[in-house]
Amino acid sequence: MMPVGVLTDCSCVLIGGLLGTVLGSRFTLALREKLTMVLGFASMAIGINSIVKANQMTPVVIAVIFGTLLGELLHLEEHITHVFGAVTRKLPHDEANFDMERYITVVVLFCASGFGIYGVLVEGMGGSPAVLQSKAVLDLCTAAVFAVTLGVAVAVIALPMLAVMLALFFAAGAIAPFVTPEMLQDFISCGGVLTIVAGMRVSGIKQYLIANMIPALLLVLPASAASLNNSAIQTAITLGAMDTSQTGSLDAAVTRGAFARMLVSFSAYRESAAQQGNIGTLYKDVPGTSQWAPYVRIAVQQGWMNGYTDGTFRPDNAVTLEEACTAALKLLGYKMTELNGVFPMAQLTKAQELGLRNQLNRNQGETMNYGDCALLLYNTLTANTAAGGAYGTS
């Protein structure tokens, strides 16, 4: 797959940098400074627009705090300044008036832009260069304005930018199964924080060693994933699918009986389960006195789960990935006879398409634990039903 968007964006930075270098001498020093300040304001506006896209702000804040702490301990800006200082000394420029702090800020804006990295991941995962192509137009103008004051050194940024983007592009396929749309939203938001800081630094409002914040971009995806899992657990507890006592044994295998309870708890029938009383079930191994009886009864009546031909439900058997996905699809109103293919691949594929398996690190035949089942059912809340519309709003 050709990284069209990556090449387009980096080419625009190169062209913009050269164009700004040529035109720079035609502007007065005062006008150059004003253009740069306006670009700083624009960067802050872009950053604000990115921040509001966060799925959850908590993992973003955590990533920014601990990422910045890590960057400070590693003295990242100092090392990056040393490297690019050696590069710029070999380029034609007015060393006495060259603003190295501003130049490092521009390097970060182009090489570690949250929106830019998001565009690379989107192209690497799905092949669409649209995001980067749109960004390329903005980067062409941005590079030209910065080059008016910083000269040809801005065009040189296209080289490390290309290296970073290509590395991310080819890594995107490997991390795709573990990244959800919600995590990417948090990533964009984290990048927005860095963009605001960069804008403040460029416009002279507040000076901060922005390169020391780059590790935040490395931490935000795992922080978002951990937060998503925690949200799934908390939602399961709130709906009654799990007890707080089970949070200490999330790795324990979920039985068919326990999964019936989880299904009902994530449905419109969760309130009626307690009103069922000790009515028996159709299965000889699930008497009316069983803790699972009301949930099994509802799950079977609604067609989400089935018993076996020998008249048993086998409530103590562990639930596998394909069984859980099949039940979740039925919960959403999908008919198994209308899926493409045969069991279990048809069910697993459909579940993947709907996002039910997002962050779910399980393969066919593997046993589901409480954490897995909570996440699967949490994902159903935002998945589309067979009738259309998100299940959580129906």
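None of these values were measured; they are calculated from a predicted model.

What counts and how
- Residues numbered from 1 in each chain as written.
- Predicted model: local features only at pLDDT ≥ 70, side-chain atom pairs only at ≥ 80, totals over all residues.
- Heavy atoms only, no water.
- Salt bridge = Lys/Arg side-chain N within 4 Å of Asp/Glu carboxyl O.
- Helix = DSSP H or I, 4+ residues; strand = E, 2+ residues; numbered from the N terminus.
- Buried < 20%, exposed > 50% of the residue type's maximum accessible area, 1.4 Å probe, protein only.
- Core = buried A, V, L, I, M, F, W, Y, C linked by side-chain atoms within 4.5 Å.
- Contact = heavy atoms within 4.5 Å.
- Polar contact = N/O pair within 3.5 Å; in protein donor to acceptor, adjacent residues only side chain to side chain.
- Expected span 1.5 Å × (residues − 1).
- Bend = angle between axes of the 7 residues up to and from the residue.
- Phe/Tyr/Trp six-rings, centres within 6.5 Å; stacked < 30°, edge-to-face > 60°.
- Lys NZ or Arg CZ within 6 Å of the ring centre and 35° of its normal.

The next point concerns the pattern of salt bridges. Per the counting criterion, the structure on display carries 9 salt bridges. Between Lys135 and Asp9 there is a salt bridge, with the nearest N and O atoms lying 3.0 Å from each other. Of this pair, Lys135 sits in helix α7 (residues 130-150) while Asp9 is found in helix α1 (residues 4-24), placing the two residues 126 residues apart along the sequence. On the basis of relative accessibility, which here comes to 4%, the residue Lys135 falls in the buried class. Classification of Asp9 by relative accessible area gives buried; the value is 0%. Among the ionic pairs, Asp99 bridges to Arg102, the shortest N-O distance being 3.9 Å. Judged by relative accessible area, Asp99 falls into the partly exposed class, the value being 31%.

Membership of the largest hydrophobic core comes to 55 residues, with the highest contact counts inside it found for Tyr103, Phe110 and Phe146. Ranked by residue count, the leading element in this core is helix α10 (residues 181-202), at 9 residues. With near-sequence residues (within four places) excluded, Tyr103 lies in contact with Phe84, Thr88, Phe98, Leu150, Ala153, Val154, Val156 and Ile157. Counting 51 residues, the second largest nonpolar core, distinct from the first, contains Phe259, Tyr283, Met305 and Leu354.

This part covers the side chain of Ser265. Mapped onto the secondary structure, Ser265 falls in helix α12 (residues 256-265). Looking at Ser265, its side chain comes within polar contact range of the main-chain oxygen of Arg261, at 2.8 Å. Apart from the residues lying within four places of it in its own chain, the contact partners of Ser265 are Leu239, Gly240, Ala241 and Arg270.

The end-to-end C-alpha distance of helix α11 (residues 215-239), which contains 25 residues, comes to 36 Å, matching closely the 36 Å that a straight helix rising 1.5 Å per residue would cover. Taken as a whole, α11 carries its principal kink of about 25 degrees at Leu221; the proline Pro222 stands between one and four residues after it. The positive-phi residue at the C-terminal boundary of α11 is Gly240, with phi of around 90 degrees.

This brings us to the packing of aromatic side chains. Per the stated rule, a full pass over the model turns up 5 aromatic pairs. Centroid distance Phe115 to Tyr118: 6.4 Å. Interplanar angle 25 degrees. Geometry classified as stacked. On the criterion of helical spacing, the pair formed by Phe115 and Tyr118 is a turn pair, its members being 3 residues apart in helix α6 (residues 114-126). Given a relative accessible area of 30%, Phe115 falls into the partly exposed group. Ring centres of Phe169 and Phe170 lie 5.1 Å apart, and the angle between their planes is 85 degrees; on these two criteria the pair is classed as edge-to-face. Just above the ring of Phe313 sits the side chain of Arg256; from NZ or CZ to the centre is 4.2 Å. The ring of Tyr308 carries the charged tip of Arg314 above its face, separated from the ring centre by 3.8 Å.

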